[in-house]
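Survey of secondary and tertiary structure
This is what each chain is made of:
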Amino acid sequence: MNETKNKFQETKELTEKYLLNTYNRYPVAFKYGVGELLFDQDNKEYIDFQSGISVTNLGHGEADIIEALREQSDRIFHSSNLYYSEEQAKLAQVIIENSFPGKVFLCNSGTEANEAAFKLIRRHGINKNLEKPVVLALHSSFHGRTFSSMTMTGNSSIREGFGELAADVHFVTPNDQQSLISAFDKYGENIAGLIMELIIGEGGIIPMSQGFVNLARKLTEETNSLLVFDEIQTGMGRTGKMFCFEHYGFAPDAFTLAKALGSGFPIGAMIVSDEYAPLIGKGMHGTTFGGNHLACAVAYETFKVILSRNILEHVETLSVNMFQRLENMKANSSLIKEVRGRGLHIGLELTLPSRPIVEECLKRGLVVNSTANNVIRIMPPLTISNEKASEGLDILESVLKG
Ligand SMILES: Cc1ncc(COP(=O)(O)O)c(C=O)c1O
């Protein structure tokens, strides 16, 4: 025990000494994972209700993913986008076959996928002969930490402190149709595009209403501007469909993916409909690592696993059970204000700050996370068993009871 305490202490001290102080970390270092379970340096077991912020959607140590990585690493890690790649081509094909006719740009992370989307939107504005193309985004949104992604992020604590931002980005209130109409009235034809999450993730698990999204589609069409969905957190089965936009019954002009696309291996993607794909031509965008053989092989296998097992069906049925249980907990607890979300993308808004609750859950062997100050975010692997999901909720319930 003492030895392990020392091990964690050592990790903590090294981290504080050598890593830039960018994260407010919880006091644990995970050493390995098995399915929906995580183990720390003391081999203490935790139920994973977090999936590394919706990344390890297939759980830890999924055999087919490991095999795909191993097989590919035996052949080749990286060549270059100067050459063709079978792994890239196969991955792009499976993405398109499961979304809509279009083209894929591959990169390494969510923020890079949104950088590509930002350039696409701006390119569309330039094509429309706009002097100052306007980009619309939502308050409370999160799109990443690089400059244009943070410019499109509707959270001042992320946007501020670095001087002048990238460009003309204006914000609309989520689920407020009047706010959307006012923005389109104000900027009209000068709008190049609107980017939005269908479930605001970092901003507190806020699902967008069908009416709001329908209106966004209608107004972008009327003004010849692009509608882009950021599916970085909602994509790859998290909400019970491969992509969250499928719930709404229509497709955007472009969408972005990352996180669970590579099951933990870094990869991002921007998908553009055939109509707008010609906006980005040869030499206009690129990356060294993006779409490397390893990442593509793992992402392709991730699709194969999701499509060949009953994972999406499991998400749908487990989701009903988890929402029911959480609603019951809400009925019996004055600490829970609202239960929100879709599929296994669940937010529990509390009447008090959520971080201390999350810290207590961690002590009792449950990994959840705190977002938007008073929301507990629950995102287990899509493959979690009913039994472990229920055990995790038992822990949460006991913590909320105090
Ligand atoms: C909706 C959304 N967009 C973009 C990002 C940024 O992704 P990354 O951290 O891979 O750059 C995130 C990350 O949390 C996200 O949730």
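Residues numbered from 1 in each chain as written. Predicted model: local features only at pLDDT ≥ 70, side-chain atom pairs only at ≥ 80, totals over all residues. Heavy atoms only, no water.

In the nomenclature of an unreviewed UniProt entry, the protein chain is known as Acetylornithine aminotransferase of Leptospira kobayashii. Regarding the protein chain, the relevant UniProt record gives this comment under Sequence similarities (unreviewed entry): "Belongs to the class-III pyridoxal-phosphate-dependent aminotransferase family." Taken from UniProt, the Pathway (unreviewed entry) comment for the protein chain reads in full: "Amino-acid biosynthesis." (UniProt positions renumbered as here; feature names shortened; annotations may be inferred.)

1. Concerning the pattern of salt bridges
It is possible for side chains bearing opposite charge to pair when their charged atoms get close. Here the structure, examined in full by the defined rule, presents 21 salt bridges. Residues K388 and E45 are paired through a salt bridge, measuring 3.9 Å at the closest nitrogen-oxygen approach. Linking K388 in helix α13 (residues 386-401) with E45 in strand β3 (residues 45-48), this pair joins segments that are 343 residues apart in sequence. Take K388: its relative accessible area is 16%, and that puts it in the buried class. The partly exposed category is assigned to E45, whose relative accessible area is 39%. Salt-bridge contacts for E360 lead to K363; the nearest nitrogen and oxygen are separated by 3.9 Å. Of this pair, E360 and K363 both sit in helix α12 (residues 355-363), 3 residues apart, which is roughly one turn of that helix. The class of K363 is exposed, set by a relative accessible area of 60%. Connected via shared salt-bridge partners are K337, E338, R340 and E349. (Salt bridge = Lys/Arg side-chain N within 4 Å of Asp/Glu carboxyl O. Helix = DSSP H or I, 4+ residues; strand = E, 2+ residues; numbered from the N terminus. Buried < 20%, exposed > 50% of the residue type's maximum accessible area, 1.4 Å probe, protein only.)

2. Quick word on the sheet that holds strand β2 (residues 37-40)
Spatially, 4 strands are ordered β1-β2-β3-β15 in an open sheet, and the strand pairing comes out mixed. A single partner strand is all that each edge strand has here, and the edge strands are β1 (30-34) and β15 (366-367). With 2 bridges joining them, β3 and β15 adopt parallel strand pairing. Note on β15: the bridge partner recorded for D48 is V367. Against the sheet, α13 makes contact with β2, β3 and β15, and its axis sits at roughly 105° relative to β3, the strand it touches most. (Pairing = 2+ DSSP bridges. Contact = heavy atoms within 4.5 Å. Axes fitted to C-alpha atoms, helices over the stretch in contact; angles between N-to-C directions.)

3. Section: the site of the ligand
The full set close to the ligand counts 13 residues, and G110, T111, D230, Q233 and K259 are the nearest of them. Between the ligand and the protein, one listed contact pairs an oxygen atom with a backbone N or O atom of G110 at 2.8 Å. For the ligand, a nitrogen atom lies 2.7 Å from a polar atom in the side chain of D230. Notes on the ligand: free accessible area 390 Å², of which the protein chains cover 82%. The element contributing the most residues to the shell around the ligand is helix α5 (residues 110-127), with 3 residues. Its residues assigned to classes, the shell around the ligand comprises 2 nonpolar, 7 polar and 4 charged. (Near = heavy atom within 4 Å. Polar contact = N/O pair within 3.5 Å; in protein donor to acceptor, adjacent residues only side chain to side chain. Areas by Shrake-Rupley, 256 points an atom, 1.4 Å probe, with all protein chains shown as cover. Nonpolar A, V, L, I, M, F, W, Y, C, P; charged D, E, K, R; others polar.)

4. Remarks on the domain arrangement of the protein chain
On domain assignment, one finds that the protein chain holds domain 1 (2-61 + 310-401) and domain 2 (76-308). Centre-to-centre, using C-alpha coordinates, domain 1 lies 27 Å away from domain 2. Between domain 1 and domain 2 lies a buried interface of about 2,200 Å² when both sides are counted; carbon and sulfur atoms form 58% of it. Considering only the surface of domain 1 that becomes buried against domain 2, L312, R342 and H345 emerge as the three largest contributors, covering 29% of it. Here domain 1 is connected to domain 2 by 1 salt bridge. The partner of R377 in a salt bridge is E202, and the shortest N-O contact between them spans 2.9 Å. Linking domain 1 with domain 2 are 14 residue pairs in polar contact (both at pLDDT 80 or more), by the criterion used here. For the side of domain 1 that touches domain 2, the secondary-structure elements that each account for two or more residues are α2 (51-54), α11 (311-331), β13 (336-342), β14 (345-350) and β17 (375-378). Ranked by the residues each element gives to the side of domain 1 that touches domain 2, the list is headed by α11, at 4 residues. (Domains from an automatic or database assignment. Buried area = accessible area lost by both parts, 1.4 Å probe.)

5. Focus on the packing of aromatic side chains
For the structure on display, the rule yields 8 aromatic pairs. Seen from their ring centres, F100 and F245 are 5.9 Å apart, and the 50° between their planes marks the pair as tilted. Pair noted here: F100 is in the loop between α4 (86-97) and β4 (102-107) and F245 is in the loop between β10 (226-230) and β11 (254-257), with a separation of 145 residues, a long-range link. One exposure class covers both F100 and F245, and it is buried. Put simply, the rings of F100, F243, F245, F255 and F303 touch in pairs and so form one group of aromatic residues. (Phe/Tyr/Trp six-rings, centres within 6.5 Å; stacked < 30°, edge-to-face > 60°.)

6. Topic: the environment of D253
The topology assignment puts D253 in the loop between β10 and β11. Relative accessible area serves as the criterion here: at 8%, D253 is assigned to the buried category. Once the C-alpha coordinates of D253 and L227 are considered, the two residues, 26 residues apart in sequence, prove to be 5.4 Å apart. Ignoring anything within four residues of it in the chain, the contact list for D253 reads F100, R217, S225, L226, L227, I271, V272, S273 and Y276. A polar contact is formed between the side chain of D253 and the side chain of R217, at a distance of 2.9 Å. Polar contacts involving the side chain of D253 include one to the main-chain amide nitrogen of L227, which spans 2.8 Å.

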